[in-house]
Structures are given as C-alpha cells and as structure tokens.
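Coordinate analysis (summary)
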Amino acid sequence: MAARPPSASPAPDPATPDAPAGAAAVPAPESSGAARSAAEGSGAEGLGAEAASGDPASGASAAGGSAPSADPASEPSAAPADGSSAVPDAQAPAAAPSESPATAPRESPAVPAREASTARAREASTARAREASTARAREAAERAAEPTAAVTSEVPTASRPATASRPATSDAADAASSSAPAPESHPAPGGGPLAGAVAWTRAVVGARLAGLLGGARPHVSRAVRGARVRLGGGVRALRTRSPRAGTARFALVASALGVAVAVLAVTAAGPWGAGGRRVAERERAAAAATGAAHGSGSRAGAPRPAPSAAAVLTGLDRPGATGESLAGILDPLLSDPSLGDRRGAAVVDVSTGRRLYAKDADAGLTPASTTKIATAVAALSALGPEHRLTTRTVLEPRTRKVVLVGGGDPTLTARKKTGGWAGLRALADSTAAALKKRHLTSVTLAYDTSLYAGTTRHPIGVNENLAEVTPLTVDEGRLDDSGSGPATRTPDPAGDAAHRFAALLGTHGVKAAEKGSARATGRARTLASVQSPPLSAVVERMLTNSDNDIAEALARHTALATGGEGSFEGGAAAVGAQVKKLGLPVGGAEFHDGSGLDRRDKLTARLLTSLLALAGSADHPELRTVLTGLPIAGFTGTLSDRYEGTDTHAGTGLVRAKTGSLTGVNTLAGTVVTAGGRLLAFAFLTENSMDQPTARAALDRAAARLAG
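Bear in mind that the values here come from a model prediction, so they are computed numbers and not experimental data.

1. Things to note about the sheet that holds strand E9 (residues 665–673)
Spatially, the 5 strands line up as an open sheet ordered E2-E1-E10-E9-E8, and their pairing is antiparallel. The open sheet has two free edges, formed respectively by strand E2 (355–359) and strand E8 (655–662), since each of these has just one partner strand. Each adjacent strand pair in this sheet contributes to an overall mean axis angle of 5 degrees, direction not counted. Across 4 bridges, the pairing between strand E1 (residues 342–349) and E2 is antiparallel. The residue bridging valine 347 from the neighbouring strand is tyrosine 357, located in E2. Running at roughly 150 degrees to strand E10 (residues 679–687), helix H17 (residues 605–615) makes contact with E1, E2, E9 and E10 of the sheet.

Below you can see the structure in the form of structure tokens.
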C-alpha cells in the first residue's frame with residue numbers, strides 16, 4: 001500500500017477533558033481544488049475527517065496508514081469479490097479480457113489487432129493519468145499535513161507514568177513542547193491512574209507513528225511504488241487467466257506481497273525523525289549543543305532522570321577530593337586525644353599518584369603490623385606472584401635414610417582438610433608409595449632446616465603471636481585447632497613436624513625411626529614433594545589475617561632471592577633494599593623484621609601510601625594482591641568486627657586496610673573508594689595512646705569519612 005504522509009498527532013482521549021490546546025489535532029487547511037478533486041477521486045477521501053476527529057483511534061489510523069490508499073495504482077488489489085473492475089468507468093474496457101472466451105462474439109482477425117493496439121494506448125494514457133493524479137494527491141496531502149508537524153500530542157503531565165520520557169518527534173515539536181507550560185492535571189473520570197496511563201500511551205504512540213512515517217515517507221514511497229507495479233501486474237495477470245491457474249502463480253503473487261509488506265514495515269520502523277533525519281543523530285547533536293542531561297524536559301517534582309556520562313565523570317573531580325577540603329575533614333578527626341601525641345597521615349589518589357593530604361607524612365613512626373605491606377611488596381617484586389614454596393623428602397643413596405627437607409612454607413598443614421594449602425598427609429602418602437617401590441618398609445627419618453640461618457626466636461621473645469621461625473613447621477606450630485590469631489605454640493616446630501610425619505608413614509606400613517636434625521646431601525634423590533599455592537595467595541592470607549609467621553618467612557625468602565641471608569637481620573635488610581630499589585621514598589624508614597612486631601621498626605605515612613599506590617598502578621600488576629589481600633571493613637580479617645557503629649558505617653565494604661596494634665601504637669593503612677568513584681590510598685600512624693579501643697574507633701571514623 002502507498003506510504004502515508006505524516007498527519008496530526010493523535011488527539012487526547014475524550015476521557016481527559018482538559019487536555020492542553022496543543023494536544024488537539026489541528027484540521028488540515030484547505031488545499032487547491034484540483035488537488036482536492038484528485039484526492040477524492042483516488043480514494044483518499046475521509047483522511048482529513050479522520051485527522052480532525054476527536055477519536056484517537058481514527059487519528060492513529062490516519063497516522064498508521066490504515067485508511068484507503070491515496071494512489072489509484074494500488075486499487076487492483078482491492079477488487080470487488082464479484083470480479084468487477086475497481087477502476088473508474090472510463091477505464092472499463094481494460095477489464096474486457098477477463099470475459100469468458102465461450103461468450104465472446106466472433107470478430108475478424110483485424111479486429112483483435114485493432115482492439116489490442118487501442119487497449120495498449122488506453123493503458124499508457126491511463127498510467128500517465130494515474131501518476132499525475134497520484135502526484136497531485138500526495139502534494140495536497142503533504143501541504144495539508146505541514147501545519148501540524150510541530151504539534152506534539154501531550155496529555156496532562158499527571159497522567160503520564162512516572163518513569164516514562166517524552167518521545168522524540170521532530171526538532172520543532174521538541175522545541176514547542178519544552179517551551180509550553182505544564183498543563184493542569186485532571187484525573188480521567190472513572191479510570192484513575194490506569195485510564196490516564198492508557199490515554200497517554202495512545203497519544204504518545206500516535207505521535208511516534210506520525211513522526212516515524214513522516215521521516216520514512218521518501219523511503220516508503222520509493223519502495224511501495226516498485227512493489228505496486230509488480231503487484232498490479234501480477235493481479236491483472238491473474239484476472240486474465242483461467243480459474244484453473246496453477247498454484248505457482250498465486251505463490252509468486254503472495255511472495256511479492258510479503259516482500260512489499262516487509263519493506264514497508266522495516267522502513268517505517270527505522271529510527272527516522274519527522275524531517276528524515278535519524279533520531280539518534282538529532283538527539284546527540286542537541287545534547288552536544290546544550291550540554292543538557294538526559295530527560296531535561298521533565299517537569300519539576302518528577303523523579304530525577306538518570307545522569308549522563310558527563311555528569312558521572314564530573315563527580316570524580318568534585319571539590320570534595322581536594323587537599324584543602326580533606327584537611328577540613330581529617331584534621332579534626334586526627335586531633336582526637338585518644339590517638340596520642342604523635343601522628344602522621346597521608347592520602348594519595350591511586351590513579352594519578354597525586355598527594356591530596358599530608359600531616360607529618362615524613363615522620364618515622366612505629367608502624368606495627370602495617371609493616372606487612374612493605375614485606376608483601378618486597379617479596380612479590382623479588383620472587384614473583386607465581387613463586388611456590390616446596391617441602392620435599394629425599395633418600396640418601398645406598399642407605400635407608402630419609403630426610404624431610406623444610407622449604408620455608410609457613411602454610412604447610414597436617415589437617416585432613418587442607419583448604420588448598422600444601423598437606424603433610426599428602427607428602428607422607430607419596431613418600432610411602434615411593435619407598436615401597438624400592439621395597440623399603442623400615443627407614444630412619446631426619447629433618448633439614450638449613451634453609452634459614454640465625455636465631456629462630458623473635459627479639460620480643462616467646463609470644464603467642466609468632467612461633468619459632470624455622471623453614472619446617474606444620475600449622476604454624478599451633479597446639480590447638482586455630483588457623484589465625486594468638487595461640488599457644490610448640491617450642492620446637494621442626495621436630496614436631498618430623499614426629500607427625502613419622503606417624504603418618506606408619507599408617508602406610510612404613511616404620512620410621514626418628515634421628516633428629518640432619519642436612520641432606522647433594523646426592524640425595526627426591527622421593528616426593530608438595531608445594532604451596534602461588535605466592536600471591538600466600539601474601540593475601542598474610543595481609544587478611546595479619547599473619548606474623550608468614551610475614552617473617554616471606555622476609556627471609558626475599559633475602560634468599562636477592563642473595564642475602566635467611567635470618568631476621570637478613571630479611572629486614574632485604575625488604576628495605578627492595579623497597580628502595582622500586583624507587584619509593586625510604587627516608588625515615590627502618591626495618592628490623594618482616595612482621596612489625598619489633599618496636600624498632602619505623603615507617604612514614606608517605607612511604608605506606610606510596611607502597612599502596614604502586615601496588616595499584618598499571619605498571620606493576622605483579623603487586624595487585626597487596627590491595628586485594630587487605631581486610632575489608634566489616635567483612636574479613638582483622639576488620640571483620642569493626643565499622644559497625646553509625647559513625648563508621650559509611651566505610652563498610654569500601655575501606656580495605658591493614659591494621660596495626662602494639663601497646664600505645666595504633667595504625668591503619670589501606671585504600672578506600674570514595675562516593676565519586678575514586679580509589680584513594682591512605683595511612684594513619686599514631687603513638688602514645690593508652691586507650692586502644694577509642695583510638696581504633698577514631699581511625700575508623702577518619703577512613704569512613706574518606707568513603708563519604
């Protein structure tokens with residue numbers, strides 16, 4: 001069927017009595033007499049009446065093109081059921097060939113030739129007349145539709161669904177509707193909000209259809225003209241054929257009709273504005289010109305529209321993130337008397353490295369367990385995140401001597417459920433199987449702890465927060481079922497591990513006589529081995545649980561990887577050297593262990609924030625687990641029971657930080673996601689506080705304020 005020119009937007013539902021003046025459809029102006037006659041003779045009568053009527057259904061019909069076609073060339077498809085011609089009377093002879101041959105009178109051979117020539121001439125004349133009539137009708141209809149193109153069909157604002165936005169029609173319609181005052185709302189009688197929503201939907205759909213068809217008019221006209229010629233020829237051919245024509249011809253015509261309908265539907269549904277311009281392009285150009293956010297035409301009191309991308313990005317640079325405003329926020333909080341008389345603080349934007357806040361940031365203060373951040377960075381950079389720690393058993397050649405060689409894995413466990421860590425039971429299983437292959441069921445068992453050097457006891461002495469530091473230990477020497485935190489420890493972790501290993505071999509039928517400590521020779525052959533998870537996972541466990549045993553082991557492994565000695569002194573020196581090698585500010589820093597239990601350790605807030613920012617930079621992905629291992633406020637590790645108060649709740653889930661606590665010392669260093677989406681690194685160090693719970697709460701409040 002022929003394409004419809006855009007008509008007036010649908011009139012509002014009669015149930016909405018006080019629609020705005022612009023909502024009523026405007027009657028089409030009078031066209032010229034010739035054009036009007038052409039439109040009436042081509043079956044387009046009633047179009048103006050439908051557009052001007054108060055019935056939304058009729059208006060939608062006009063917009064949707066369901067009225068009779070305005071093009072006479074499409075009329076054969078609407079032939080009466082009795083087979084009579086649908087063309088005007090002057091064209092009746094063209095239908096003569098459809099008469100039955102049995103009833104046609106005989107004529108001389110010249111007569112059919114003359115009639116055929118006359119028929120061809122008549123058809124040519126008729127085709128020209130049809131095209132002229134179609135052009136005049138289309139021109140008249142376009143002129144009649146032009147005055148209403150800028151009128152949007154709006155119902156009272158109160159009748160709209162709250163979350164719907166005004167449909168895009170044309171540029172002129174957008175300007176008219178945005179400048180018009182909001183009409184007074186009147187509920188639909190007897191219908192309530194549902195009737196209002198229905199009325200609004202009918203009006204908006206009509207306006208959308210009118211705009212779409214108007215913009216698609218040139219494309220639809222070309223497509224339909226081509227399809228009309230084919231359909232007209234196909235239908236006329238059917239009329240001249242016998243009723244017994246094959247189904248192939250009907251299939252051909254049906255296919256052509258389907259193609260025409262598909263072309264019309266796709267073209268009409270395309271994203272075209274009333275002026276033939278793509279709607280998306282028009283809206284993008286308008287947004288670029290005005291800088292307005294989405295939904296800027298909504299009335300006051302309506303729900304806030306979703307912000308555009310520009311508005312979100314603007315929030316990242318809001319004044320709240322400047323150093324001046326942070327000083328106003330943090331200075332009062334960090335002046336809390338419970339924090340003691342010495343403090344240092346710094347805040348850095350991780351994405352840019354810009355320092356946003358500093359207060360005695362270069363003062364060397366006791367860091368306590370925040371030292372583990374430096375240990376983690378040093379170990380990951382020296383060993384790599386995929387490095388694994390290996391515990392193995394070897395057999396001395398031509399002997400029955402088995403040696404359990406400690407590889408410095410502080411996570412080795414003898415529990416049945418290992419949780420993914422290296423298991424002493426698995427090592428015993430494999431070792432027993434290897435011995436039985438050699439027909440050995442009775443051996444001697446020694447253990448090798450030569451990987452480390454120096455004393456095994458930390459300078460603070462015996463402490464429930466740390467076992468004797470040896471390269472061979474099981475379950476961190478704990479004498480209970482705990483997996484973290486303080487616990488009573490065995491005084492001889494290596495000897496205890498060997499004893500438990502001998503018992504496990506016995507369960508497999510291999511008797512092991514314990515012989516104490518002995519170093520494996522270079523000629524010994526490996527029987528079996530187990531490995532820890534990657535170093536990245538070990539680092540995460542250390543930071544989340546503030547695990548001192550892992551921290552001291554990683555400091556020693558850093559020393560061994562860089563040519564140093566695996567001792568307290570060697571590990572501390574290696575951590576400091578590795579941090580300096582990374583180009584970080586080490587002025588004022590002192591390292592004496594890897595865990596922070598030693599009060600002689602000194603770190604600055606500047607160094608801690610630099611370590612965190614480096615771990616978050618794109619240039620050092622190998623350090624990423626330094627950030628992911630930090631405890632999450634209110635959820636994991638040493639922050640699982642903090643940030644529960646109303647004054648710190650804003651930091652729950654957004655603050656990730658390493659805690660530090662010694663008598664009189666309270667520290668907190670980590671990252672926080674701000675309300676604007678920024679990732680900030682912060683460090684707060686305080687000394688000489690005698691009220692630990694209050695001091696911790698003060699530091700939590702400061703971090704929570706950074707989150708918003």
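2. As for the confidence of the model for the protein chain
Looking at the protein chain as a whole, its pLDDT mean stands at 73, while 54% of the residues score no less than 70. Across residues 272–321, confidence stays below pLDDT 50; counting only partners more than four residues off in sequence or on other chains, it has 57 contacts.

3. Considering the pattern of salt bridges
Tallying each qualifying case throughout the model produces 14 salt bridges. Where arginine 342 meets glutamate 687, a salt bridge forms, and the shortest distance between an N and an O atom there is 3.5 Å. Of this pair, arginine 342 sits in strand E1 while glutamate 687 sits in strand E10, and the two are 345 residues apart along the sequence. A relative accessible area of 37% means that arginine 342 is categorised as partly exposed. By relative accessible area, which is 8% here, glutamate 687 ends up buried. For the salt bridge of aspartate 647 with arginine 701, the shortest nitrogen-to-oxygen distance reads 3.3 Å. Placement of aspartate 647 in the loop between helix H18 (625–628) and E8 and of arginine 701 in helix H19 (residues 692–707) is noted, with a sequence separation of 54 residues between them. Here aspartate 647 falls in the partly exposed class, since its relative accessible area comes to 42%. Each of the salt bridges in this network shares a partner with another, and the network as a whole consists of Asp336, Asp647 and Arg701.

4. Let's talk about the pairing of E9
Burial analysis of E9 places 8 of its 9 residues in the buried class, which makes it a mostly covered element. Two strands pair when backbone bridges link them, and E8 and E9 are joined in this way by 8 bridges, in the antiparallel orientation. Bridged to lysine 658 within E9 is alanine 669. Between E8 and the antiparallel strand that follows it, E9, lie 2 residues; glycine 664 among them carries a positive phi value of about 80 degrees. Where E9 and E10 come together, 9 bridges link them in antiparallel fashion. Bridge pairing links valine 665 to glutamate 687 in E10. As consecutive antiparallel partners, E9 and E10 are separated by 5 residues, and within that stretch glycine 677 has a phi angle of approximately 95 degrees, a positive value.

Cut-off values and rules
- Residues numbered from 1 in each chain as written.
- Predicted model: local features only at pLDDT ≥ 70, side-chain atom pairs only at ≥ 80, totals over all residues.
- Heavy atoms only, no water.
- Pairing = 2+ DSSP bridges.
- Helix = DSSP H or I, 4+ residues; strand = E, 2+ residues; numbered from the N terminus.
- Axes fitted to C-alpha atoms, helices over the stretch in contact; angles between N-to-C directions.
- Contact = heavy atoms within 4.5 Å.
- pLDDT = per-residue confidence, 0-100.
- Salt bridge = Lys/Arg side-chain N within 4 Å of Asp/Glu carboxyl O.
- Buried < 20%, exposed > 50% of the residue type's maximum accessible area, 1.4 Å probe, protein only.

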